[in-house]
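As a plain string of letters, each chain reads:
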Amino acid sequence: MTQYTTLFLKGTGMTLLLWVSCSLLSLMLGLFAGTLRSTQLRIPLISPLLDGITLLLRGIPLYSQLMITYFAVPQLIGFAPSALLTGILTLGFCSGAYASELIRNGYNTIDKGQWLAAQALGYARWQQVRYIIGPQMLQKTFPALVNEYLMVLKSTALLGAIGIIEVTKIGTNVMYKTFQPIPVCLAVAAIYLILAALLTLFANWIERSYACSQ
Amino acid sequence: MLSVTNLTFKRGSQTILDQVTYTFAPGTITCIVGPSGSGKSTLLACLTQLYTAYEGTIRSNDLVLSSLTAKERAQTIGIVFQTWHLFPLLTAQENVTQPLMLIGDFSKEQAREKAAELLRTFDMQDYAHSYSSQLSGGQQQRIALARALGLKPKILCLDEPTSALDAGNSQLLIEELKQLKQTGITVIITSHDREFVASVADTVLELEEGKLKSTSLKN
(Lines give C-alpha, C1' and ligand atoms only; values in the text may rest on other atoms or scores of the structure.)
Protein backbone atom coordinates (compact mmCIF):
# COMPACT_ATOMS: atom_id res chain seq x y z
CA MET A 1 0.00 0.00 0.00
CA THR A 2 2.86 2.39 0.76
CA GLN A 3 3.72 2.68 -2.95
CA TYR A 4 0.37 4.45 -3.40
CA THR A 5 1.12 7.15 -0.80
CA THR A 6 2.09 9.70 -3.44
CA LEU A 7 -1.09 9.00 -5.38
CA PHE A 8 -3.22 9.46 -2.25
CA LEU A 9 -1.39 12.71 -1.45
CA LYS A 10 -2.06 14.00 -4.98
CA GLY A 11 -5.72 12.98 -4.66
CA THR A 12 -5.93 14.72 -1.29
CA GLY A 13 -4.44 17.85 -2.85
CA MET A 14 -7.07 17.79 -5.59
CA THR A 15 -9.87 17.22 -3.05
CA LEU A 16 -8.56 20.15 -1.04
CA LEU A 17 -8.42 22.35 -4.15
CA LEU A 18 -11.98 21.38 -5.12
CA TRP A 19 -13.26 21.86 -1.56
CA VAL A 20 -11.73 25.32 -1.08
CA SER A 21 -12.63 26.66 -4.53
CA CYS A 22 -16.21 25.28 -4.49
CA SER A 23 -16.77 26.59 -0.94
CA LEU A 24 -15.47 30.06 -1.79
CA LEU A 25 -17.62 30.22 -4.94
CA SER A 26 -20.60 28.93 -2.97
CA LEU A 27 -20.10 31.52 -0.22
CA MET A 28 -19.87 34.40 -2.70
CA LEU A 29 -22.96 33.25 -4.62
CA GLY A 30 -24.81 32.49 -1.39
CA LEU A 31 -24.10 35.92 0.04
CA PHE A 32 -25.18 37.64 -3.17
CA ALA A 33 -28.33 35.60 -3.77
CA GLY A 34 -29.26 35.20 -0.09
CA THR A 35 -29.02 38.96 0.48
CA LEU A 36 -31.17 39.83 -2.52
CA ARG A 37 -33.68 37.09 -1.64
CA SER A 38 -34.21 38.28 1.96
CA THR A 39 -37.53 39.93 2.79
CA GLN A 40 -36.06 43.37 3.45
CA LEU A 41 -33.76 43.58 0.42
CA ARG A 42 -35.77 42.14 -2.45
CA ILE A 43 -35.42 43.74 -5.89
CA PRO A 44 -38.25 43.34 -8.42
CA LEU A 45 -37.44 40.84 -11.20
CA ILE A 46 -33.93 40.01 -9.89
CA SER A 47 -35.08 38.44 -6.59
CA PRO A 48 -37.79 36.24 -8.19
CA LEU A 49 -35.24 35.16 -10.81
CA LEU A 50 -32.79 34.19 -8.04
CA ASP A 51 -35.65 32.34 -6.26
CA GLY A 52 -36.22 30.32 -9.43
CA ILE A 53 -32.53 29.49 -9.93
CA THR A 54 -32.24 28.42 -6.28
CA LEU A 55 -35.29 26.18 -6.60
CA LEU A 56 -33.81 24.59 -9.71
CA LEU A 57 -30.39 23.97 -8.17
CA ARG A 58 -31.83 22.61 -4.94
CA GLY A 59 -34.35 20.45 -6.75
CA ILE A 60 -32.01 18.53 -9.09
CA PRO A 61 -29.53 16.00 -7.62
CA LEU A 62 -25.89 17.10 -7.81
CA TYR A 63 -24.99 13.99 -9.80
CA SER A 64 -27.65 14.85 -12.41
CA GLN A 65 -26.38 18.44 -12.51
CA LEU A 66 -22.87 17.13 -13.22
CA MET A 67 -24.20 15.00 -16.08
CA ILE A 68 -26.01 18.05 -17.51
CA THR A 69 -23.05 20.44 -17.21
CA TYR A 70 -20.39 17.93 -18.35
CA PHE A 71 -22.24 16.16 -21.17
CA ALA A 72 -25.28 18.23 -22.24
CA VAL A 73 -24.10 21.83 -21.88
CA PRO A 74 -20.97 21.41 -24.13
CA GLN A 75 -23.27 20.16 -26.92
CA LEU A 76 -25.43 23.25 -26.49
CA ILE A 77 -22.63 25.82 -26.32
CA GLY A 78 -20.32 24.18 -28.85
CA PHE A 79 -17.22 23.78 -26.68
CA ALA A 80 -16.28 21.75 -23.63
CA PRO A 81 -14.68 23.45 -20.64
CA SER A 82 -12.26 21.29 -18.63
CA ALA A 83 -13.65 18.74 -16.19
CA LEU A 84 -12.04 20.65 -13.31
CA LEU A 85 -13.74 23.94 -14.24
CA THR A 86 -17.07 22.18 -14.88
CA GLY A 87 -16.84 20.38 -11.55
CA ILE A 88 -15.97 23.50 -9.55
CA LEU A 89 -18.72 25.57 -11.18
CA THR A 90 -21.36 22.85 -10.80
CA LEU A 91 -20.65 22.05 -7.17
CA GLY A 92 -20.05 25.74 -6.35
CA PHE A 93 -23.39 26.83 -7.84
CA CYS A 94 -25.28 23.88 -6.30
CA SER A 95 -23.86 24.59 -2.84
CA GLY A 96 -24.36 28.33 -3.44
CA ALA A 97 -28.11 27.69 -3.78
CA TYR A 98 -28.16 25.96 -0.39
CA ALA A 99 -25.98 28.70 1.13
CA SER A 100 -28.30 31.39 -0.26
CA GLU A 101 -31.23 29.70 1.46
CA LEU A 102 -29.34 29.66 4.78
CA ILE A 103 -28.31 33.30 4.37
CA ARG A 104 -31.81 34.40 3.33
CA ASN A 105 -33.22 32.72 6.44
CA GLY A 106 -30.45 34.33 8.50
CA TYR A 107 -31.47 37.81 7.32
CA ASN A 108 -35.15 37.07 7.91
CA THR A 109 -34.58 36.04 11.52
CA ILE A 110 -32.92 39.36 12.44
CA ASP A 111 -35.20 41.44 14.66
CA LYS A 112 -36.95 44.07 12.52
CA GLY A 113 -36.06 46.60 15.21
CA GLN A 114 -32.40 46.35 14.20
CA TRP A 115 -33.26 47.58 10.69
CA LEU A 116 -35.44 50.34 12.15
CA ALA A 117 -32.75 51.45 14.61
CA ALA A 118 -30.14 51.69 11.86
CA GLN A 119 -32.63 53.48 9.58
CA ALA A 120 -33.53 55.94 12.35
CA LEU A 121 -29.83 56.74 12.79
CA GLY A 122 -29.63 57.67 9.11
CA TYR A 123 -27.74 54.61 7.83
CA ALA A 124 -28.11 54.06 4.09
CA ARG A 125 -29.42 50.62 3.10
CA TRP A 126 -25.93 49.33 2.27
CA GLN A 127 -24.62 50.63 5.60
CA GLN A 128 -27.43 48.84 7.44
CA VAL A 129 -26.41 45.58 5.75
CA ARG A 130 -22.63 46.12 5.97
CA TYR A 131 -22.37 47.32 9.56
CA ILE A 132 -25.45 46.09 11.44
CA ILE A 133 -27.49 43.34 9.83
CA GLY A 134 -24.82 41.45 7.84
CA PRO A 135 -22.57 40.66 10.83
CA GLN A 136 -25.58 39.49 12.89
CA MET A 137 -26.79 37.37 9.98
CA LEU A 138 -23.34 35.78 9.58
CA GLN A 139 -23.17 35.01 13.29
CA LYS A 140 -26.58 33.33 13.15
CA THR A 141 -25.89 31.30 10.00
CA PHE A 142 -22.28 30.41 10.77
CA PRO A 143 -22.93 26.91 12.23
CA ALA A 144 -25.26 26.03 9.33
CA LEU A 145 -22.72 27.32 6.79
CA VAL A 146 -19.97 25.20 8.38
CA ASN A 147 -22.29 22.22 8.02
CA GLU A 148 -22.89 23.12 4.37
CA TYR A 149 -19.15 23.25 3.66
CA LEU A 150 -18.64 19.87 5.34
CA MET A 151 -21.24 18.59 2.87
CA VAL A 152 -19.29 20.23 0.03
CA LEU A 153 -16.16 18.34 1.15
CA LYS A 154 -18.02 15.05 0.96
CA SER A 155 -19.71 16.01 -2.32
CA THR A 156 -16.32 16.48 -4.01
CA ALA A 157 -16.23 12.65 -4.15
CA LEU A 158 -18.98 12.84 -6.81
CA LEU A 159 -16.70 14.84 -9.13
CA GLY A 160 -14.78 11.63 -9.84
CA ALA A 161 -17.77 10.77 -12.05
CA ILE A 162 -16.62 13.35 -14.63
CA GLY A 163 -13.00 12.23 -14.53
CA ILE A 164 -11.50 14.46 -11.85
CA ILE A 165 -8.84 12.51 -9.99
CA GLU A 166 -9.70 13.34 -6.40
CA VAL A 167 -9.07 11.14 -3.37
CA THR A 168 -12.12 8.84 -3.71
CA LYS A 169 -11.31 8.25 -7.38
CA ILE A 170 -7.71 7.40 -6.40
CA GLY A 171 -9.07 5.03 -3.73
CA THR A 172 -11.35 3.31 -6.22
CA ASN A 173 -8.51 2.89 -8.74
CA VAL A 174 -6.13 1.52 -6.09
CA MET A 175 -8.83 -0.84 -4.83
CA TYR A 176 -9.39 -2.23 -8.34
CA LYS A 177 -5.64 -2.69 -8.72
CA THR A 178 -4.84 -4.26 -5.33
CA PHE A 179 -8.12 -6.02 -4.46
CA GLN A 180 -7.64 -4.72 -0.90
CA PRO A 181 -10.81 -2.78 -0.17
CA ILE A 182 -10.45 -2.58 3.62
CA PRO A 183 -7.17 -0.60 3.92
CA VAL A 184 -8.06 1.56 0.91
CA CYS A 185 -11.53 2.47 2.24
CA LEU A 186 -10.07 3.15 5.69
CA ALA A 187 -7.38 5.41 4.18
CA VAL A 188 -9.94 7.36 2.12
CA ALA A 189 -12.31 7.71 5.10
CA ALA A 190 -9.44 8.86 7.33
CA ILE A 191 -8.44 11.57 4.83
CA TYR A 192 -12.00 12.99 4.73
CA LEU A 193 -12.24 12.76 8.50
CA ILE A 194 -9.00 14.70 8.98
CA LEU A 195 -10.11 17.44 6.54
CA ALA A 196 -13.54 17.67 8.22
CA ALA A 197 -11.91 17.82 11.65
CA LEU A 198 -9.67 20.68 10.47
CA LEU A 199 -12.70 22.72 9.32
CA THR A 200 -14.56 21.94 12.55
CA LEU A 201 -11.58 23.04 14.67
CA PHE A 202 -11.21 26.24 12.62
CA ALA A 203 -14.96 26.96 12.94
CA ASN A 204 -14.89 26.33 16.69
CA TRP A 205 -11.95 28.71 17.04
CA ILE A 206 -13.81 31.45 15.14
CA GLU A 207 -16.97 30.88 17.22
CA ARG A 208 -15.00 31.07 20.47
CA SER A 209 -13.30 34.28 19.34
CA TYR A 210 -16.66 35.99 18.84
CA ALA A 211 -18.55 34.28 21.67
CA CYS A 212 -18.05 37.16 24.09
CA SER A 213 -20.22 39.50 22.02
CA GLN A 214 -23.51 37.64 22.55
CA MET B 1 -40.43 73.63 15.93
CA LEU B 2 -42.08 70.51 14.56
CA SER B 3 -45.43 70.93 12.88
CA VAL B 4 -47.69 68.16 11.69
CA THR B 5 -50.48 68.99 9.25
CA ASN B 6 -53.35 66.66 8.35
CA LEU B 7 -51.27 63.53 9.01
CA THR B 8 -53.14 60.43 7.90
CA PHE B 9 -51.69 56.92 7.86
CA LYS B 10 -53.57 53.90 6.58
CA ARG B 11 -52.71 50.22 6.76
CA GLY B 12 -54.84 48.50 4.15
CA SER B 13 -58.38 49.73 4.70
CA GLN B 14 -57.69 50.59 8.35
CA THR B 15 -56.98 54.22 9.23
CA ILE B 16 -54.32 54.29 11.95
CA LEU B 17 -53.86 58.09 12.06
CA ASP B 18 -56.65 60.36 10.96
CA GLN B 19 -55.96 64.01 10.03
CA VAL B 20 -53.64 64.70 12.97
CA THR B 21 -52.60 68.35 13.10
CA TYR B 22 -50.37 69.73 15.84
CA THR B 23 -47.32 71.93 16.40
CA PHE B 24 -44.74 70.79 18.93
CA ALA B 25 -43.20 73.84 20.63
CA PRO B 26 -39.39 73.89 20.77
CA GLY B 27 -37.70 73.05 24.06
CA THR B 28 -40.76 71.34 25.52
CA ILE B 29 -41.69 67.82 26.53
CA THR B 30 -44.87 66.59 24.91
CA CYS B 31 -46.38 63.29 25.98
CA ILE B 32 -48.77 61.43 23.73
CA VAL B 33 -51.15 59.19 25.63
CA GLY B 34 -53.97 56.94 24.60
CA PRO B 35 -55.10 53.33 24.74
CA SER B 36 -53.21 50.54 22.93
CA GLY B 37 -53.83 50.71 19.20
CA SER B 38 -54.67 54.41 19.28
CA GLY B 39 -51.79 55.17 16.89
CA LYS B 40 -49.14 56.54 19.29
CA SER B 41 -46.22 54.46 18.03
CA THR B 42 -47.33 54.93 14.41
CA LEU B 43 -47.31 58.70 14.96
CA LEU B 44 -43.68 58.48 16.19
CA ALA B 45 -42.77 56.25 13.24
CA CYS B 46 -44.22 58.84 10.85
CA LEU B 47 -42.51 61.74 12.64
CA THR B 48 -39.13 59.97 12.40
CA GLN B 49 -39.81 58.97 8.77
CA LEU B 50 -39.57 55.26 9.54
CA TYR B 51 -43.01 55.11 7.92
CA THR B 52 -43.14 57.29 4.86
CA ALA B 53 -46.40 56.16 3.24
CA TYR B 54 -48.45 58.79 5.01
CA GLU B 55 -50.57 61.66 3.76
CA GLY B 56 -50.09 65.17 5.10
CA THR B 57 -46.98 67.16 5.91
CA ILE B 58 -44.42 67.07 8.69
CA ARG B 59 -42.17 70.12 8.91
CA SER B 60 -39.25 71.01 11.11
CA ASN B 61 -38.58 74.76 10.94
CA ASP B 62 -40.15 74.93 7.47
CA LEU B 63 -38.15 71.96 6.20
CA VAL B 64 -40.38 69.16 4.97
CA LEU B 65 -38.97 66.04 6.68
CA SER B 66 -39.84 63.71 3.81
CA SER B 67 -37.63 65.77 1.47
CA LEU B 68 -34.53 65.45 3.68
CA THR B 69 -31.79 62.91 3.08
CA ALA B 70 -31.50 60.07 5.62
CA LYS B 71 -28.48 61.82 7.15
CA GLU B 72 -30.19 65.24 7.39
CA ARG B 73 -33.29 63.62 8.87
CA ALA B 74 -31.24 61.71 11.48
CA GLN B 75 -29.61 65.00 12.47
CA THR B 76 -33.05 66.62 12.78
CA ILE B 77 -35.08 63.97 14.61
CA GLY B 78 -33.97 60.97 16.65
CA ILE B 79 -35.79 58.15 18.37
CA VAL B 80 -35.28 55.83 21.33
CA PHE B 81 -37.36 52.71 20.82
CA GLN B 82 -39.43 50.93 23.44
CA THR B 83 -36.97 48.01 23.48
CA TRP B 84 -33.98 50.25 22.60
CA HIS B 85 -32.65 48.05 19.76
CA LEU B 86 -28.99 48.44 20.64
CA PHE B 87 -26.74 46.71 18.13
CA PRO B 88 -25.85 43.44 19.89
CA LEU B 89 -22.45 42.83 18.26
CA LEU B 90 -21.19 46.29 19.25
CA THR B 91 -20.13 47.41 22.70
CA ALA B 92 -21.97 50.28 24.39
CA GLN B 93 -19.24 52.66 23.26
CA GLU B 94 -19.28 51.34 19.68
CA ASN B 95 -23.08 51.74 19.59
CA VAL B 96 -22.47 55.46 20.13
CA THR B 97 -19.30 55.90 18.04
CA GLN B 98 -20.44 54.07 14.91
CA PRO B 99 -23.29 56.47 13.93
CA LEU B 100 -20.99 59.40 14.73
CA MET B 101 -18.41 58.12 12.25
CA LEU B 102 -20.80 56.90 9.55
CA ILE B 103 -23.42 59.65 9.73
CA GLY B 104 -21.90 62.48 11.76
CA ASP B 105 -18.64 62.55 9.75
CA PHE B 106 -16.55 62.37 12.93
CA SER B 107 -13.05 60.94 12.75
CA LYS B 108 -12.46 57.81 14.84
CA GLU B 109 -10.71 59.82 17.54
CA GLN B 110 -13.37 62.58 17.62
CA ALA B 111 -16.14 59.95 17.76
CA ARG B 112 -14.44 58.21 20.69
CA GLU B 113 -14.12 61.49 22.59
CA LYS B 114 -17.73 62.44 21.89
CA ALA B 115 -18.97 58.97 22.88
CA ALA B 116 -16.96 59.09 26.12
CA GLU B 117 -18.53 62.49 26.87
CA LEU B 118 -22.05 61.18 26.17
CA LEU B 119 -21.49 58.05 28.26
CA ARG B 120 -20.28 60.27 31.14
CA THR B 121 -23.42 62.42 30.77
CA PHE B 122 -25.55 59.33 31.34
CA ASP B 123 -23.19 57.92 33.98
CA MET B 124 -22.43 54.91 31.78
CA GLN B 125 -18.66 55.35 31.38
CA ASP B 126 -17.99 52.18 33.41
CA TYR B 127 -20.02 50.11 30.92
CA ALA B 128 -18.35 51.42 27.75
CA HIS B 129 -17.01 47.98 26.83
CA SER B 130 -20.13 46.02 27.77
CA TYR B 131 -22.42 44.44 25.19
CA SER B 132 -26.19 45.02 25.33
CA SER B 133 -26.73 41.46 26.61
CA GLN B 134 -24.65 42.40 29.67
CA LEU B 135 -26.67 45.54 30.48
CA SER B 136 -29.91 46.02 32.40
CA GLY B 137 -32.96 47.66 30.79
CA GLY B 138 -32.21 51.04 32.34
CA GLN B 139 -28.57 50.88 31.24
CA GLN B 140 -29.54 49.93 27.68
CA GLN B 141 -31.95 52.84 27.58
CA ARG B 142 -29.24 55.29 28.63
CA ILE B 143 -26.95 53.95 25.90
CA ALA B 144 -29.80 54.29 23.39
CA LEU B 145 -30.31 57.89 24.55
CA ALA B 146 -26.59 58.60 24.19
CA ARG B 147 -26.61 57.03 20.71
CA ALA B 148 -29.61 59.07 19.58
CA LEU B 149 -28.25 62.33 21.01
CA GLY B 150 -24.81 61.87 19.46
CA LEU B 151 -26.09 63.18 16.14
CA LYS B 152 -27.45 66.29 17.92
CA PRO B 153 -31.07 66.02 16.74
CA LYS B 154 -33.30 69.02 17.44
CA ILE B 155 -36.19 66.69 18.23
CA LEU B 156 -36.02 63.44 20.22
CA CYS B 157 -38.83 60.88 20.32
CA LEU B 158 -39.12 58.19 22.98
CA ASP B 159 -41.53 55.29 22.54
CA GLU B 160 -42.91 54.00 25.86
CA PRO B 161 -39.67 54.77 27.70
CA THR B 162 -40.76 53.49 31.12
CA SER B 163 -42.35 50.23 30.00
CA ALA B 164 -39.32 48.16 30.99
CA LEU B 165 -37.99 50.31 33.83
CA ASP B 166 -38.39 49.98 37.57
CA ALA B 167 -39.40 52.97 39.70
CA GLY B 168 -35.78 54.01 40.38
CA ASN B 169 -34.78 53.99 36.73
CA SER B 170 -38.01 55.81 35.77
CA GLN B 171 -37.12 58.57 38.24
CA LEU B 172 -33.60 58.74 36.79
CA LEU B 173 -35.09 59.03 33.29
CA ILE B 174 -37.36 61.88 34.42
CA GLU B 175 -34.30 63.80 35.66
CA GLU B 176 -32.40 63.11 32.42
CA LEU B 177 -35.33 64.28 30.29
CA LYS B 178 -35.67 67.48 32.30
CA GLN B 179 -31.96 68.15 31.76
CA LEU B 180 -32.38 67.46 28.05
CA LYS B 181 -35.20 69.99 27.89
CA GLN B 182 -32.83 72.62 29.30
CA THR B 183 -30.61 72.14 26.22
CA GLY B 184 -33.49 73.24 23.95
CA ILE B 185 -34.33 69.85 22.50
CA THR B 186 -37.98 69.16 21.71
CA VAL B 187 -38.92 65.86 23.36
CA ILE B 188 -41.92 63.81 22.23
CA ILE B 189 -42.85 60.78 24.33
CA THR B 190 -45.53 58.13 23.99
CA SER B 191 -46.52 56.56 27.28
CA HIS B 192 -49.15 54.59 29.16
CA ASP B 193 -47.58 55.57 32.47
CA ARG B 194 -49.82 58.35 33.85
CA GLU B 195 -47.51 59.01 36.81
CA PHE B 196 -44.49 59.42 34.54
CA VAL B 197 -46.46 61.68 32.18
CA ALA B 198 -47.59 63.85 35.07
CA SER B 199 -43.96 64.24 36.24
CA VAL B 200 -42.36 65.08 32.96
CA ALA B 201 -44.83 66.56 30.44
CA ASP B 202 -45.30 70.19 29.52
CA THR B 203 -48.11 69.23 27.18
CA VAL B 204 -50.20 66.09 26.96
CA LEU B 205 -51.84 65.00 23.73
CA GLU B 206 -54.49 62.32 23.82
CA LEU B 207 -54.95 60.09 20.81
CA GLU B 208 -58.02 57.94 20.34
CA GLU B 209 -58.56 55.74 17.30
CA GLY B 210 -55.96 57.74 15.41
CA LYS B 211 -57.51 61.10 16.10
CA LEU B 212 -56.12 63.84 18.29
CA LYS B 213 -58.77 63.94 21.00
CA SER B 214 -57.50 66.56 23.40
CA THR B 215 -54.53 68.71 24.27
CA SER B 216 -53.73 69.83 27.77
CA LEU B 217 -51.00 72.10 29.02
CA LYS B 218 -49.40 70.86 32.24
CA ASN B 219 -46.88 73.54 33.08
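Everything below is about the structure shown above.
Please read all numbers here as calculations on a predicted model, not as lab measurements.

Rules and cut-offs
The numbering scheme is per chain: residues are counted from 1 as the chain's sequence reads. Lettering of chains starts at A and numbering of ligands starts at 1, both following the order in which they are written. A pLDDT threshold of at least 70 governs which residues receive local features in this predicted model, and a stricter bar of 80 or more applies before side-chain atom pairs are shown or counted, although totals over entire chains, interfaces and linings include all residues. Two residues qualify as a contact pair if the distance between their C-beta atoms, derived from the backbone, is within 7 Å. Numbering of helices and strands runs from the N terminus; a helix is a DSSP stretch of H or I covering at least four residues, while a strand is a stretch of E covering at least two. Throughout this entry, Asp, Glu, Lys and Arg are counted as charged residues, while Ala, Val, Leu, Ile, Met, Phe, Trp, Tyr, Cys and Pro are counted as nonpolar. The remaining residues, Gly among them, count as polar. Any two strands are treated as partners once DSSP identifies two or more bridges connecting them. Structural elements are reduced to axes, namely lines fitted to C-alpha atoms, with helices fitted over the stretch in contact, and the angle between N-to-C directions of any two is expressed from 0 to 180 degrees. To assign burial, the other C-beta atoms lying within 10 Å of each residue's own C-beta are counted, with C-beta atoms placed from the backbone; 20 or more indicates buried, 12 or fewer indicates exposed, and intermediate counts indicate partly exposed. By convention in this section, buried Ala, Val, Leu, Ile, Met, Phe, Trp, Tyr and Cys residues joined through C-beta atoms within 7 Å make up a nonpolar core. For each domain, the first and last residues come from an automatic or database assignment.

## Section: the interface of chain B and chain A
Stage number 1. The interface is formed by 20 residues belonging to chain B together with 18 residues belonging to chain A.
Stage number 2. At the level of elements, α2 (70-74), β6 (77-80) and α3 (92-102) of chain B are the ones that each hand at least two residues to the side of chain B that touches chain A.
Stage number 3. Here the residues of the side of chain B that touches chain A sort into 12 nonpolar, 6 polar and 2 charged.

## With respect to the sheet that holds strand β2 (residues 14-24) of chain B
Residue and element names in this part refer to chain B.
Stage number 1. A sheet is described by the order of its strands in space; here 4 strands give the open sequence β2-β1-β4-β5, paired in antiparallel fashion. Each of the sheet's edge strands pairs with one partner strand only, and the pair in question is β2 and β5 (63-64).
Stage number 2. Across the sheet, helix α1 (residues 40-47) lies against β1 (2-11), β2 and β4 (54-60), angled at about 60° from β2, the strand it touches most.

## Quick notes on the pairing of strand β7 (residues 155-159) of chain B
All names here are of chain B.
Stage number 1. Taking burial as the measure, the 5 residues of β7 include 5 buried ones, the bulk of the element.
Stage number 2. Neither face of β7 is left uncovered, since the one carrying Ile 155, Cys 157 and Asp 159 and the one carrying Leu 156 and Leu 158 both have all their residues buried.
Stage number 3. The sheet contact formed by β6 and β7 spans 4 bridges and is parallel. Bridged to Gly 78 within β7 is Leu 156.

## Re the nonpolar core
All names here are of chain B.
Stage number 1. Grouped together as the largest cluster of nonpolar side chains are 97 residues, with contacts concentrated most on Cys 46 and Cys 157.
Stage number 2. Viewed by domain, this core spans two of them, domain 1 (1-76 + 154-170 + 185-219) and domain 2 (83-152), each represented by three or more residues.
Stage number 3. Cys 46 has contacts with Leu 7, Phe 9, Leu 17, Tyr 51, Tyr 54 and Ile 58, leaving out every residue within four places of it along the chain.

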